[in-house]
Amino acid sequence: MGHEWLFSLIPLAIGTVFLCFGVYGLRRARALRRTGVSAEARIVRHEARRDDEGATFHHPVAAWTARDGRACEYPSRFGRGRVGNGFGVGAHVMVRYDPAAPHRFAIEGWDVKTVDLLFTVLGAVFTVGTVLVLLVRLLTL
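Attention in this report is confined to the structure presented alongside it.

### Description of the pairing of strand β4 (residues 92–98)
Alright, step 1. Here strand β1 (residues 37–50) pairs with β4 via 6 bridges, running antiparallel. Each bridged residue has a counterpart across the sheet, and for alanine 39 the counterpart in β4 is valine 95.
Alright, step 2. In the sheet, β4 pairs with strand β5 (residues 101–107) via 4 bridges, with the strands oriented antiparallel. Note that in β5 the partner of tyrosine 97 across the bridge is phenylalanine 105.
Alright, step 3. Between the end of β4 and the start of β5, which pair antiparallel, lie 2 residues.

Here's what the structure looks like:
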């Protein structure tokens with residue numbers, strides 16, 4: 001087997017990164033469901049971020065008062081190409097946040113676990129597929 005097996009490290013690395021990102025997001029969502037606290041929040045603005053291709057993603061910034069009286073104002077970790085109904089500036093939304101670290105929060109209806117699930121599945125397919133190909137290659141030498 002020559003050096004061509006090194007090219008297999010590319011999908012393996014991509015799969016591992018996707019898998020880690022997805023599992024992290026799913027664990028975070030589960031922790032928020034278990035120990036998080038709900039609060040009524042208001043969308044105070046949107047942070048617009050551009051990606052490398054020039055597409056703009058809008059991240060709503062939610063503001064609420066935590067149970068201990070702290071004022072919290074954080075952008076969602078998920079951005080969308082356009083702002084849907086119910087998430088415009090001034091909209092009242094429900095958030096679920098970690099009382100120990102309020103920057104870990106989710107806006108109900110905006111932050112969905114579908115993205116994390118997709119990353120987990122794609123990461124698992126890339127990682128397992130690449131490992132299987134490498135094993136078959138090693139066994140058939």
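### Thoughts on helix α2 (residues 114–139)
Alright, step 1. Given a rise of 1.5 Å per residue, 26 residues ought to cover 38 Å, and the 37 Å separating the end C-alpha atoms of α2 matches this to within 8%.
Alright, step 2. Of all the positions in α2, only Asp116, Thr120, Gly123, Thr127, Thr130 and Leu134 are classed as buried.
Alright, step 3. Lining the buried residues of α2 we find α1 (9–35).

### Considerations on the nonpolar core
Alright, step 1. One finds Ala62, Trp64, Val93, Val95, Tyr97, Phe105 and Ile107 to be the most contacted residues of the largest nonpolar core, which totals 17 residues.
Alright, step 2. In terms of residues, this core owes the most to one element, β1, which gives 4 residues.
Alright, step 3. With near-sequence residues (within four places) excluded, valine 93 lies in contact with Ala39, Glu40, Ala41, Ile43, Gly86, Phe87 and Ile107.

### Some remarks on the packing of α1 against α2
Alright, step 1. Orientation of α1 relative to α2, taken along the N-to-C sense of each, is 145°, at an axis distance of 7 Å. As for the relative orientation of α1 and α2, their crossing is left-handed in sense. Residues Pro11, Leu12, Gly15, Thr16, Phe18, Leu19, Phe21, Gly22, Val23, Gly25 and Leu26 of α1 pack against Asp116, Leu117, Phe119, Thr120, Leu122, Gly123, Ala124, Phe126, Thr127, Thr130 and Val131 of α2.
Alright, step 2. The residue inventory of the contact of α1 with α2, partitioned by class, reads 13 nonpolar, 8 polar and 1 charged.

### Focus on the packing of aromatic side chains
Alright, step 1. Enumeration according to the criterion identifies 7 aromatic pairs in this entry.
Alright, step 2. With centroids separated by 5.6 Å and ring planes inclined at 40°, the aromatic side chains of tryptophan 64 and tyrosine 97 adopt a geometry described as tilted. Of this pair, tryptophan 64 sits in strand β2 (residues 56–65) while tyrosine 97 sits in strand β4; the two residues are 33 residues apart in sequence, bridging distant segments of the chain. Considered together, tryptophan 64 and tyrosine 97 belong to a single accessibility category, that of buried residues.
Alright, step 3. Linked through ring pairs, Trp64, Tyr74, Tyr97 and Phe105 together constitute an aromatic cluster.
Alright, step 4. Lying over the aromatic face of tryptophan 110, arginine 80 brings its terminal NZ or CZ to 4.3 Å of the ring centre.

### Concerning the sheet that holds β4
Alright, step 1. What the 5 strands build is an open sheet, ordered β3-β2-β1-β4-β5; its pairing is antiparallel. Two strands lie at the open edges of the sheet, namely β3 (71–75) and β5, each paired on one side alone. The average angle at which neighbouring strand axes cross in this sheet is 40°, direction not considered.
Alright, step 2. Relative to β5, α1 is tilted by about 100°, and along the sheet it contacts β1, β4 and β5.

### Things to note about α1
For an α-helix the count is 3.6 residues per turn, leaving residues at separations of three or four pointing the same way.
Alright, step 1. Relative to the 39 Å expected for 27 residues at 1.5 Å per residue, α1 spans 38 Å between its end C-alpha atoms, a close match to the ideal helical length.
Alright, step 2. For α1, every residue scored as buried is listed here: Gly15, Gly22, Gly25, Arg28 and Leu32.
Alright, step 3. Contact partners of the buried residues in α1: β4, β5 and α2.

What counts, and at which threshold
Residues numbered from 1 in each chain as written. Predicted model: local features only at pLDDT ≥ 70, side-chain atom pairs only at ≥ 80, totals over all residues. Heavy atoms only, no water. Pairing = 2+ DSSP bridges. Helix = DSSP H or I, 4+ residues; strand = E, 2+ residues; numbered from the N terminus. Expected span 1.5 Å × (residues − 1). Buried < 20%, exposed > 50% of the residue type's maximum accessible area, 1.4 Å probe, protein only. Contact = heavy atoms within 4.5 Å. Core = buried A, V, L, I, M, F, W, Y, C linked by side-chain atoms within 4.5 Å. Axes fitted to C-alpha atoms, helices over the stretch in contact; angles between N-to-C directions. Left-handed = near helix turned anticlockwise from the far one by under 90°. Nonpolar A, V, L, I, M, F, W, Y, C, P; charged D, E, K, R; others polar. Phe/Tyr/Trp six-rings, centres within 6.5 Å; stacked < 30°, edge-to-face > 60°. Lys NZ or Arg CZ within 6 Å of the ring centre and 35° of its normal.

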